Amino acid sequence: MAWYGLAPAATAFFVIPLVVVTACTAAGVGMWLGALNARYRDVQYALPFLMQLWMFATPVVYPASLVPERWRPLLALNPLAGLIEGFRAAMLGRPLDWMSLGISASSAAALTLLGVWQFRRMERAFADTGLGDGERIGHARPP
Amino acid sequence: MVHRLRRTARRRARAAGHALGLEEFRHYLQDQLLKDTDVMSMAHSVEVRVPFLDHRLVEYAVGLPARIKLAGATPKPLLLAALGDVLPSETWDRPKMGFTLPFAPVAPPAGARAAGPEPRGRMSGAQGGGARLGRLRGGPAPLVAGMGARRARALRRGTGQGGGVSRTVSSAADGGRGTADPWMVIDAAHATKAIDLAELWHYRDLLYFLTRRDVAVRYKQTVLGFLWAIIQPLMSMVVFTVFLGTLAGVPSDGIPYPVFSYLGLLLWTYFAAAVTRSGASLVGNAHLLTRVYFPACSCRSARPWPPSSTSPSPSSCSAA
């Protein structure tokens, strides 16, 4: 940023709640996928592709303004869309798009709760149906 | 005076026994017994769980006063009080056996040898064992650490201190069995309950150590260390700047494209790494989870090798 003569703006402190929300979303999604992975190991192969897909569904390397105006709220349903746009705006002291940030924060909360709920639901069976066999295979086999 | 001295001596002896028990737990159990159990059970294709090592039960037992655990001349009085009603007397009312090598089936006693080799006679011992095992299996689920009402009451009366035991009673709140049938059911949490933040806070030191371990391992044996956290999005930024920013001419809201994409990638890399790693965390830490924290139905998981229900994934196969 210094190269382009840009310094973090005074609004940069606002990234802290954004990072916290991002962490919560990651925890929720991660718990869900982790629980799913314990049961179906397919998840670990599908996950890299899923994350790549998710990245291009998020305005990370393109601006949200590239998306037509009427599709913006739909884009903001992706929690990371509003969070990353907000992160960038806060760092550079640009106006925040409160509408999409609000939608994204709500869907982030929903996704987190859904992930935690799914984790709790599947937790009961971990050691028995999920991890038992995989862990067993990792050990030395009887001849 | 003499009476008081004797009482003090007894208390000291109990405290020493308590400390000894903790040391045994920390070293002998962890380094020897669990390993032996693992090796022996695996050699016979049996999946063994150790329900008595559920952290809640261990914490509860450690917190009990020594006079309950080391009462009288009978060894392990608490275990007997808890399970004497549930298990057949053949299992608990027999002389203590050490971990000696089973010489008997290999080298029969002199009398048997004089009568000539008779495999059938030698086998009878094993058959008896099988029958006993069968009875054990047919009995009530051994995973429920129950305490007979009569014995629990006697124990409480005998020690004159109900606090510890009645905690077991109250923890049996499930199903409204009431205090007459004090069972402590070790079970996984229910899905309807949200994440128990109080429990999470209670185990904050565990969380701290696991986090520290992960951070320490993360950039181990790297020259640049934690700088990778900055360099990784930086490298993606260069790639996207060249292909999207310069060649494809993607707009960036008037912000220089490298700055624009780096800020986005910084948060995205964090999110993607967090999701990917937590997605693999349960399977990666299976050795921690399956040993101690076990589900209610794990008694069923003593299934023959190889497990037929799921097909092994290629990665875990290559690890074997």
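Residues numbered from 1 in each chain as written. Chains lettered and ligands numbered in written order. Predicted model: local features only at pLDDT ≥ 70, side-chain atom pairs only at ≥ 80, totals over all residues. Heavy atoms only, no water.

A word on the overall build of chain A
Under the convention used in this document: Strands here mean DSSP runs of E at least two residues long; helices mean DSSP runs of H or I at least four residues long; both are numbered from the N terminus. Accessibility here uses a 1.4 Å probe with only protein chains present; expressed as a share of the type maximum, an area under 20% marks a residue as buried, one over 50% as exposed, and anything in between as partly exposed. Contact between two residues is taken to exist if any of their heavy atoms lie within 4.5 Å; hydrogens are not considered.
Within chain A, the secondary structure is distributed over six helices and zero strands. Counting from the amino terminus, helix and strand elements in chain A follow one another as α-α-α-α-α-α. Expressed as a percentage of the 143 residues in chain A, the buried residues total 48%. Here the contacts in chain A between residues at least 6 apart in sequence split such that 69% fall between residues at least 24 apart.

Some remarks on the pattern of salt bridges
Residue and element names in this part refer to chain A. Our working definition: Within this document, salt bridges are pairs made up of a side-chain nitrogen of Lys or Arg and a carboxyl oxygen of Asp or Glu, the two lying within 4 Å of each other.
Enumeration according to the criterion identifies five salt bridges over all chains in this entry. Close ionic contact of Glu-69 with Arg-72 constitutes a salt bridge, the shortest N to O distance being 3.6 Å. Across the salt bridge formed by Arg-88 and Glu-85, the nearest N and O atoms sit 2.8 Å from each other. In this pair, Arg-88 and Glu-85 are both assigned in helix α4 (residues 79-92), three residues apart and thus about one turn of the helix distant. Residue classification places Glu-85 among the partly exposed residues on the basis of a relative accessible area of 22%.

Section: the confidence of the model for chain B
All names here are of chain B. Note the threshold: How sure the predictor is of each residue is captured by pLDDT, a score from 0 to 100.
When the pLDDT values of chain B are averaged, the result is 66; 58% of them are 70 or greater. Here helix α16 (residues 314-319) stands out as the element of chain B with the lowest mean pLDDT, 33, in contrast to helix α14 (residues 257-284), whose mean of 88 is the highest. Confidence drops under a pLDDT of 50 for residues 112-182, and excluding neighbours within four residues, the segment shows 68 contacts in the predicted structure. Low pLDDT, under 50, characterises residues 293-320; the stretch is placed with 56 contacts to residues that sit more than four places away or in other chains. For this predicted complex, the interface confidence score (ipTM) comes to 0.86, while the overall pTM stands at 0.55.

Structural notes on the side chain of Ser-41 of chain B
Residue and element names in this part refer to chain B. Here is the rule we go by: Polar contacts, as used here, are pairs of N or O atoms within 3.5 Å; protein pairs need one atom able to donate a hydrogen and one able to accept it. Residues neighboring in sequence count only if both atoms are side-chain atoms.
Looking at the secondary structure, you find Ser-41 in helix α1 (residues 2-43). Within the local environment of Ser-41, its side chain forms a polar contact with the backbone oxygen of Thr-37, the two atoms lying 2.7 Å apart. Ser-41 has contacts with Val-46 and Val-48, leaving out every residue within four places of it along the chain.

A word on the packing of aromatic side chains
Two numbers describe a pair of aromatic rings. These are the distance of the centres and the angle of the planes. Our working rule: A pair of Phe, Tyr and Trp rings is counted when the ring centres sit within 6.5 Å of each other, with Trp represented by its six-membered ring. The angle between the planes then sorts it: under 30 degrees is stacked, over 60 is edge-to-face, the rest tilted. Only when the NZ of Lys or the CZ of Arg is both within 6 Å of the ring centre and within 35 degrees of the ring normal is a charge said to sit over the ring.
Enumeration over the complete set of coordinates arrives at seven aromatic pairs over all chains. When the centroid spacing of 5.0 Å and the interplanar angle of 80° are considered together, the rings of Trp-54 of chain A and Phe-271 of chain B count as edge-to-face. With Trp-54 of chain A in helix α2 (residues 42-56) and Phe-271 of chain B in helix α14, the pair connects residues from two separate chains. Like Phe-271 of chain B, Trp-54 of chain A is buried. Plain terms: the ring middles of Tyr-257 of chain B and Phe-260 of chain B are 5.9 Å apart, the flat faces sit at 35° to each other, and that makes the pair tilted. Taken together, the residues Tyr-257 of chain B and Phe-260 of chain B, both in helix α14 and three residues apart, mark about one turn of the helix. Residue Tyr-257 of chain B shares its accessibility class with Phe-260 of chain B, and that shared class is buried. Taken together, the aromatic side chains of Trp-54 of chain A together with Trp-268 and Phe-271 of chain B make up a single cluster linked through ring pairs. Note that Arg-39 of chain A overlies the ring of Tyr-40 of chain A, its terminal NZ or CZ placed 5.5 Å from the centroid. The aromatic ring of Trp-117 of chain A is capped on one face by Arg-121 of chain A, whose charged end is 5.8 Å from the ring centroid.

A closer look at the nonpolar core
Selection rule: Put simply, a nonpolar core is a bunch of buried Ala, Val, Leu, Ile, Met, Phe, Trp, Tyr and Cys residues held in one set by side-chain atoms that sit within 4.5 Å of each other.
Counting residues in each nonpolar core, the largest one holds 41 residues, and the members touching the most others are Met-51 and Val-61 of chain A together with Trp-268, Phe-271 and Val-275 of chain B. Considering each element in turn, this core owes the most residues, eleven residues, to α14 of chain B. Residue contacts for Phe-271 of chain B: discarding those within four places in its chain leaves Thr-22, Thr-25, Ala-26, Met-51, Trp-54 and Leu-80 of chain A.

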